[in-house]
Amino acid sequence: MASWWATLGLVASNMQGADVTPLADDIAFDAAPVLDWRVPLPGPKMSASIHTEAGGPLIHGNHIYVGTASDDVLLVLHREDGRLVTRLEASAAVQSTPVIVADRLFYTDTAGTTWCRSLEDYAVVWSHDGGAPILSAPTVLSDRVVVANVENVLVALDVQTGALVWRHAQRLDPSRSTELELYGAPAPTLAGELLLSGFSDGSMVALDLESGTVVWQRRVGEGQYPDIIAEALVIEGAGGTTDAIVSGYTEPLVSIELESRNVRWRHDVGGAFAAVMGAERRIYHGGNDGVLRAIDAVTGAIAWEWDSETEAALTQPVLTEAGLLVGASAGGFSLIDVDDGSLAWRFDDGYELAGITAAAAVHGRQAVVLTNAGNLYSFVVPQEEPDWAAENAGMMPYVGGGR
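Here we summarise the structure given alongside this text. (Residues numbered from 1 in each chain as written. Predicted model: local features only at pLDDT ≥ 70, side-chain atom pairs only at ≥ 80, totals over all residues. Heavy atoms only, no water.)

1. Some details on the overall build of the chain
This is how the line gets drawn: Secondary structure elements follow DSSP: runs of H or I of four or more residues count as helices, runs of E of two or more count as strands, with numbering from the N terminus. Between two residues, a contact is recorded if the distance between any of their heavy atoms is within 4.5 Å.
A tally of helices and strands in the chain yields one helix and 32 strands. Taking the contacts inside the chain whose residues are at least 6 apart along the sequence as the reference set, 47% of them involve residues at least 24 apart.

Here it is, written out as structure tokens:
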């Protein structure tokens, strides 16, 4: 194992400049935020009628890493005000969230290229041409990178060199009509020594991590669009078991006990994005019907439902100390109370949003959201007014408050 991997999990203090952002990361996202700044993504403009931004942003150090549907680059922006820092080459549009592990930056593009760059100077360490569009983030493991493309193919690459380790091309159920196949594929999920991945015919497949051979598979997705484009959520189930929460696009949402492959519980709802795990054995799932659900992970009982009243697909919710941040593909950006599902805060900028497809990125007290109109928004939890400002309120004005 290479030396760079020994720093796994450590966050670089500032690998691209000596200035330090004033956005203190030791302050949690624990209250309703305020709008900090909004910038249009740099680059060519697209027609609003076809503009969808599926690649979520990533916050790391002082920077935001985000792709754009209108240009063949990964953008690096400054957290403080969204100004452009640099543009990193891609073979086509980057429509997935980049991943940073130790001192490496990984991202994929819609030409099918997987990129690995040094985080120190952004030099290309390696790239791999997979031959078909990739719309999901790479799954980066200790010795390999696994990516899924829209042609139902998984490839495992050596994390150091990008060399092909194995390739799996899923044989689809012939009864599945390809005319209705969705354009997408989920990121593979690690479950012990297995990789879980879903495919366009609704199949959930477990592959051996080392060889890429199929260990088992089960049909999950149903309906007009059985496609599994949401990555599985692997959790500890009842009695020490390991369960996977899996969603077909149209339906259903199920919990599968991985050892027996039996369905523990089921709901006849669908989703495009993975559920997230919270406290008290609850999972939170954004449905394609515009409803966010809190579900008991063991029994499947629904604790509460929040209806966005959009009847549109919700993003993957992001769990914060203030609640769940979730967007809608035909709506705004909301903060939902985890205890009872009530609306705590909402932001909707109308046509400037044009809906939200990708999940927000949260770091410290900052949340960054990319909208389908190609605008990037930064929200921050306001800091309390310092004691000296209150004590001297009659002597001088307090300037700031938000940052």
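2. Here we look at the nonpolar core
In summary, soluble globular proteins display a tendency toward joint burial of nonpolar side chains. The following threshold applies: In plain words, nonpolar cores are sets of buried Ala, Val, Leu, Ile, Met, Phe, Trp, Tyr and Cys residues tied together by side-chain atoms within 4.5 Å. Under the scheme applied here, a residue whose accessible area is under 20% of the maximum for its type counts as buried, over 50% as exposed, and between as partly exposed, the area being computed with a 1.4 Å probe on protein chains only.
Counting 16 residues, the largest nonpolar core has Phe29, Leu325, Phe333, Trp345, Phe347, Val369 and Phe379 as its most contacted members. Looking at this core, the elements with two or more residues in it are β28 (333–336), β29 (343–347), β31 (366–370) and β32 (375–380). Not counting residues up to four positions away in its chain, the partners in contact with leucine 325 are Phe29, Gln316, Pro317, Val318, Thr320, Phe333, Ser334, Leu335, Val362 and Ala367. Ranked by size, the runner-up nonpolar core spans 14 residues in total, among them Ala102, Phe106, Trp126 and Leu157.

3. Considering the packing of aromatic side chains
The geometry of two aromatic rings is summed up by the distance between their centres and the angle between their planes. Stated formally: The pairing test for Phe, Tyr and Trp rings, Trp by its six-membered ring, is centres within 6.5 Å, and the orientation test on the planes gives stacked under 30 degrees, edge-to-face over 60, and tilted for anything in between.
On inspection of all chains with the given rule, the structure shows 12 aromatic pairs. When the centroid spacing of 5.9 Å and the interplanar angle of 90 degrees are considered together, the rings of phenylalanine 333 and tryptophan 345 count as edge-to-face. With phenylalanine 333 in strand β28 and tryptophan 345 in strand β29, this pair connects stretches of sequence that are 12 residues apart. When the ring of tyrosine 377 is compared with that of phenylalanine 379, the centres are 6.1 Å apart and the planes differ by 10 degrees; the resulting orientation is stacked. When its relative accessible area of 1% is taken as the criterion, tyrosine 377 is described as buried. Classification of phenylalanine 379 as buried rests on a relative accessible area of 1%. An aromatic cluster of at least three residues, connected via ring pairs, comprises Phe333, Trp345, Phe347, Tyr377 and Phe379.

4. Comments concerning the pairing of strand β9 (residues 124–129)
Test applied: DSSP calls a pair of strands paired once it identifies at least 2 bridges connecting them.
Note: strand β8 (residues 113–118) against β9, five bridges, orientation antiparallel. Among the inter-strand pairings, arginine 117 is bridged to a residue of β9, identified as valine 124. Joining the antiparallel neighbours β8 and β9 is a turn of five residues, in which tyrosine 122 adopts a positive phi near 65 degrees.

5. Comments concerning the pattern of salt bridges
Think of it this way: side chains of opposite charge can pair up when their charged atoms draw near. Put simply, the rule is: Counted as salt bridges are all cases of a side-chain nitrogen of Lys or Arg within 4 Å of a carboxyl oxygen of Asp or Glu.
Across all of its chains, the model carries 12 salt bridges by this definition. For aspartate 143, the salt bridge goes to arginine 144, with nearest N and O atoms at 3.4 Å. The partner of arginine 264 in a salt bridge is aspartate 243, and the shortest N-O contact between them spans 2.7 Å. Of this pair, arginine 264 sits in strand β21 (residues 262–267) while aspartate 243 sits in strand β19 (residues 242–247), and the two are 21 residues apart along the sequence. With a relative accessible area of 1%, aspartate 243 lands in the buried category. Put simply, Asp143, Arg144 and Glu210 are held in one network by salt bridges that share partners.

6. A look at the sheet that holds strand β7 (residues 104–108)
Put simply, the test is: Where helices are involved, their axes are fitted lines through C-alpha atoms of the stretch in contact, as for all axes, and angles between N-to-C directions lie from 0 to 180°.
If you trace the four strands from one edge of the open sheet to the other, you get β6-β7-β8-β9, paired in antiparallel fashion. What marks the edges here is a single partner per strand, and that holds for β6 (99–101) and β9. With strand direction ignored, the average angle separating the axes of adjacent strands in the sheet is 15 degrees. Across three bridges, β6 lies against β7 in antiparallel orientation. What sits directly across from valine 101, in β7, is arginine 104.

7. Overview of the pairing of β29
Pairing analysis gives four bridges linking β28 to β29, with the strands arranged antiparallel. Bridge assignment links leucine 335 to a residue of β29, and that residue is tryptophan 345. Between β28 and β29, which follow one another and run antiparallel, lie six residues, and glycine 341 among them has a positive phi close to 75 degrees.

8. Re the environment of methionine 204
Its place among the elements puts methionine 204 in strand β16 (residues 203–208). The exposure class assigned to methionine 204 is buried, which follows from its relative accessible area of 2%. The spatial distance from the C-alpha of methionine 204 to the C-alpha of glycine 248 is 9.7 Å, given a sequence separation of 44 residues. Excluding its chain neighbours within four sequence positions, the residues that come into contact with methionine 204 are Leu196, Ser197, Gly198, Trp216, Gln217, Arg218, Val220, Ile228, Ala232 and Val246.

9. Describing the sheet that holds strand β11 (residues 144–149)
One open sheet holds the four strands; their spatial order is β10-β11-β12-β13, and the pairing between them is antiparallel. The outermost strands of the open sheet, each flanked by one partner alone, are β10 (139–140) and β13 (164–169). Relative to β13, strand β12 (residues 153–158) is paired through five bridges, and the arrangement is antiparallel. Pairing of valine 155 across the sheet is with arginine 167, part of β13.

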